[in-house]
Amino acid sequence: MPKTLLHAEWYLTHDVLSAAKNLLGMILRSEIDGHVCEGIIVETEAYRGADDRGCHSYGNKITERNRTMFDIGGSVYVYICYGIHPMLNVVIGNSGVADAVLIRAVEPIQGLKIMMERRDIDSENRLKTTSGPGNLANAFGINKLYDGDKFFDPSSPIQIFSNGIKPSSIYEGHRVGMSARIGTCAFRPWRFYIEGNVWVSNPKHIDYTQKTKFSKLCNI
DNA sequence: AAGAGGATGAACT
DNA sequence: GTTCATCCTCTTG
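Caption draft 1: Quick look at the nonpolar core. Within the largest apolar cluster, 43 residues are counted, with the highest numbers of intra-cluster contacts made by Leu-23, Leu-28, Leu-88, Val-90, Phe-140, Phe-151 and Ile-160. A total of five residues in this core trace back to one element, the largest contributor, which is helix α1 (residues 16–23). In terms of nonpolar packing, the next biggest core, distinct from the first, is built from 12 residues, Tyr-47, Met-69, Cys-81 and Val-91 among them.

Caption draft 2: Looking closely at the packing of aromatic side chains. Going through the model one piece at a time under the given rule, you end up with five aromatic pairs. Centroid distance Tyr-11 to Phe-151: 6.5 Å. Interplanar angle 20 degrees. Geometry classified as stacked. On the criterion of sequence distance, the pair formed by Tyr-11 in the loop between β1 (4–5) and α1 and Phe-151 in the loop between α3 (133–139) and β7 (158–162) is long-range, its members being 140 residues apart. Side by side, Tyr-11 and Phe-151 carry an identical accessibility label, which is buried. Between the aromatic rings of Tyr-171 and Tyr-193, the centroid separation amounts to 4.3 Å while the plane-to-plane angle is 15 degrees, which identifies the pairing as stacked. Of the two residues, Tyr-171 sits in strand β8 (residues 170–173) while Tyr-193 sits in strand β9 (residues 191–194), which places them 22 residues apart along the sequence. An aromatic cluster is present here, built from Trp-10, Tyr-11, Phe-151 and Phe-152 joined pairwise through their rings. Over the ring of Phe-161 we find Lys-3, and its NZ or CZ is 5.2 Å from the ring centre. The aromatic ring of Tyr-47 is capped on one face by Arg-175, whose charged end is 4.6 Å from the ring centroid.

Caption draft 3: The arrangement of the protein's contact with DNA strand B in detail. Among the 24 residues in the neighbourhood of DNA strand B, the closest are listed as Tyr-79, His-85, Asn-89, Gly-134 and Asn-135. Expressed as a percentage, the sugar and phosphate content of the atoms of DNA strand B within 4 Å of the protein is 55%. The contact in question runs from a base nitrogen of DNA strand B to an N or O atom on the side chain of Tyr-79, over 3.2 Å. Pro-133 has a polar backbone atom sitting 3.4 Å from a phosphate oxygen of DNA strand B. Those elements giving two or more residues to the surface near DNA strand B turn out to be β4 (76–81), β5 (85–92), β6 (99–110) and α3. Broken down by class, the residue content of the surface near DNA strand B amounts to 10 nonpolar, 10 polar and four charged.

Criteria and thresholds
- Residues numbered from 1 in each chain as written.
- Chains lettered and ligands numbered in written order.
- Predicted model: local features only at pLDDT ≥ 70, side-chain atom pairs only at ≥ 80, totals over all residues.
- Heavy atoms only, no water.
- Core = buried A, V, L, I, M, F, W, Y, C linked by side-chain atoms within 4.5 Å.
- Buried < 20%, exposed > 50% of the residue type's maximum accessible area, 1.4 Å probe, protein only.
- Helix = DSSP H or I, 4+ residues; strand = E, 2+ residues; numbered from the N terminus.
- Phe/Tyr/Trp six-rings, centres within 6.5 Å; stacked < 30°, edge-to-face > 60°.
- Lys NZ or Arg CZ within 6 Å of the ring centre and 35° of its normal.
- Near = heavy atom within 4 Å.
- Polar contact = N/O pair within 3.5 Å; in protein donor to acceptor, adjacent residues only side chain to side chain.
- Nonpolar A, V, L, I, M, F, W, Y, C, P; charged D, E, K, R; others polar.

Have a look at this one:
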């Protein structure tokens, strides 16, 4: 099946959780500094503005940093984490809804060489090239300058394509880097990845594998 | 004006 | 498993 640019409507007709799951298997593409990079999205996390204490826009509060989250679905939200790491997010929902999907890892399918150069990675460590949100954004040449762009714009340097492929098995677990201070939101099973994919990031986190456990720990 | 904390990543033991 | 470099953003006073 040929890949097709994901149309603007898609980002408005999915809630942030189904969007995070359905983005798995789709293709992220950047054309930056004359280099085309493409990768299959293999790991995502959902963030929901209205009631999610792990989200920048919790309580639908607008700040200088997060204002793009309130923009229309299909917008590119990039912010800098820990002062140095760019994070690439897909804004979901109508204008005024501050939901977004963080892309945490992709499997490279085009431009691996330039990606490894950008990251200063040797062949021995190639699996680290696009694993982890900061790493993949750097590999694709993405930085804060692209905040506010549109994934669905045919002339956009950063785009998402659907290719009709559905992942066979999707892991659902809690998100990475959530502090205990945010309470039960930290345990929401809003991290998704393609089971068994070697490009998925492998950060430190408690591995709750039973969904029954989640339901006791959080109210979605 | 100052301090706390962070949607990380790398390098350790 | 652990620590820590690094600096931006938000909150508070």
